[in-house]
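# Coordinates in review
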Amino acid sequence: MNWPLEAFLSFLAAGAFGVVFNTPRRTLVSCGLVGMSGWLIYRMFFLMFDDSVQATFAGAFAVALVAHILAKKFKMPMIVFSIAGIIPLVPGSRAYNSMRSIVENNYLEAISFAADALMISGAIAMGLVFAEVLMQMVFKQQAKRIQKKIGMTRN
Amino acid sequence: MNQAGETRRELALDCFLLAGKIMMESGAETYRIEDTMIRMAVSQKMMDSHCFITPTGIMFSPSNEMATRFVRINSRRTDLERVALVNAVSRRLVSGELTLQQAYDEMLIIDQTDYMFPIQIQVLAAAVASGCFLILLGGGWQDLPFAFIIGGTAFYTVETILVQTRVKFFAEFVGALVIGSLASLVIYAGLGQDLDTIIIGSVMPLVPGLLITNAVRDLMAGHFVSGLSKGAEAFLTAFAIGAGIALVLSF
């Protein structure tokens, strides 16, 4: 496990995905940082607990948290930052292994890989939503004030 | 006076629908688009407006007395810069920095400008991402040049076929086919070490990450129609990629 190398590679990969998804030019470095934090936390949890579902949840949570903070800072939609950071956590290798097992007529193994991939996708979703709820609770007061200012509240 | 109010309301509706259309075409989340449109409507004193957004069309009803408007969305791709720009314009409209006419003009400019990076840079970025994922997923350094080249080639193939045929699933299928064939070729020639990691690394730029994330977020926010249809799109994309790779592996 080579931490600086992994950090650099995940930074580069998330930044490259930022270019593919055409995120605004001045947020490319931030996108890389989001991807790096998500991947490092994923790896850390994976090495500590050896469970990729929990690790993916932690990684997605970190991505959404950092993306939310950056979105507040840059005053841009959160999606600009979170997408590039989520990509490294997508269970590509498990989906691939499941498909290869199907081609090799090895259906039992395929089902176990597919179930794993499904669980990890669910963990990504849960991580994103949990972080969102947390941040909403933190920013609730601030949001209320803004809503009152532009007249969105009914009373 | 009444006539002027009527044209102003028409302009406001054009402005909201254009904002929603640009955002949906560029890959924003449904709840974010709805939020933006409602906020803009409230800033223009349309208090009880409703909108219904699906990935293929947007309906917007300003109030009970006025007619509902509809706009059709034909193509969707990922262009986050446009999402950010429309968001900035709507923020400035809501805060009163821009008048409705100025906001509409800016939206028109955003709609007509092409903000994407040049295709060479996109291909280079896809190649770099493939190489990085190869190492991150446990591949050997000696496979790095192959993942780099195959990932870039596959991305270029998908983009070219997408421009030519406009059929997304066919383009992704052919892209996956290219990845599988080239990776097998490299292994048979005795140059590469591990077929699996080369394929996984190269496939990463094609993975429908944005669609999956958006689908789940929309479902959680209660937008079931757009959540399910985006999920279907993501599933079809994943299926096209899987079928392309499986076809090569089955030989």
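Residues numbered from 1 in each chain as written. Chains lettered and ligands numbered in written order. Predicted model: local features only at pLDDT ≥ 70, side-chain atom pairs only at ≥ 80, totals over all residues.

- As annotated in an unreviewed UniProt entry, chain A is Threonine/Serine exporter ThrE domain-containing protein from Planococcus halotolerans.
- What the UniProt record of chain A gives under Subcellular location (unreviewed entry) is the line "Cell membrane".
- According to UniProt, the comment filed for chain A under the heading Sequence similarities (unreviewed entry) is "Belongs to the ThrE exporter (TC 2.A.79) family." (UniProt positions renumbered as here; feature names shortened; annotations may be inferred.)

## Topic: the interface of chain B and chain A
- Each side of the interface is counted separately: chain B has 49 residues, and chain A has 38 residues.
- For the side of chain B that touches chain A, the secondary-structure elements that each account for two or more residues are α2 (30–43), α3 (80–94), α5 (119–136), α8 (195–203), α9 (209–220) and α10 (224–249) of chain B.
- When residues in the side of chain B that touches chain A are grouped by element, the largest group, 10 residues, is from α5 of chain B.
- Here the residues of the side of chain B that touches chain A are counted per class, giving 33 nonpolar, eight polar and eight charged. (Contact = placed C-beta atoms within 7 Å. Helix = DSSP H or I, 4+ residues; strand = E, 2+ residues; numbered from the N terminus. Nonpolar A, V, L, I, M, F, W, Y, C, P; charged D, E, K, R; others polar.)

## A short note on the nonpolar core
- In terms of nonpolar packing, the biggest core is built from 124 residues, with Ala13, Val34 and Ala60 of chain A together with Ala129 and Ile179 of chain B touching the most fellow members.
- Among the elements that make up this core, the one with the highest residue count is helix α3 (residues 52–74) of chain A (13 residues).
- With residues near it in sequence (within four places) discarded, Ala60 of chain A still touches Gly38, Ile86, Leu89, Ala123, Ile124, Gly127 and Leu128 of chain A. (Core = buried A, V, L, I, M, F, W, Y, C linked by C-beta atoms within 7 Å. Buried ≥ 20, exposed ≤ 12 C-beta atoms within 10 Å, placed from the backbone.)

## A word on the UniProt feature "domain: Threonine/Serine exporter ThrE" (unreviewed entry) in chain A
- Under the present numbering, the feature "domain: Threonine/Serine exporter ThrE" (unreviewed entry) in UniProt falls on residues 7–133 of chain A.
- Note that residues 7–133 of chain A is 83% helix and 0% strand, and that its end C-alpha atoms are spaced 28 Å apart.

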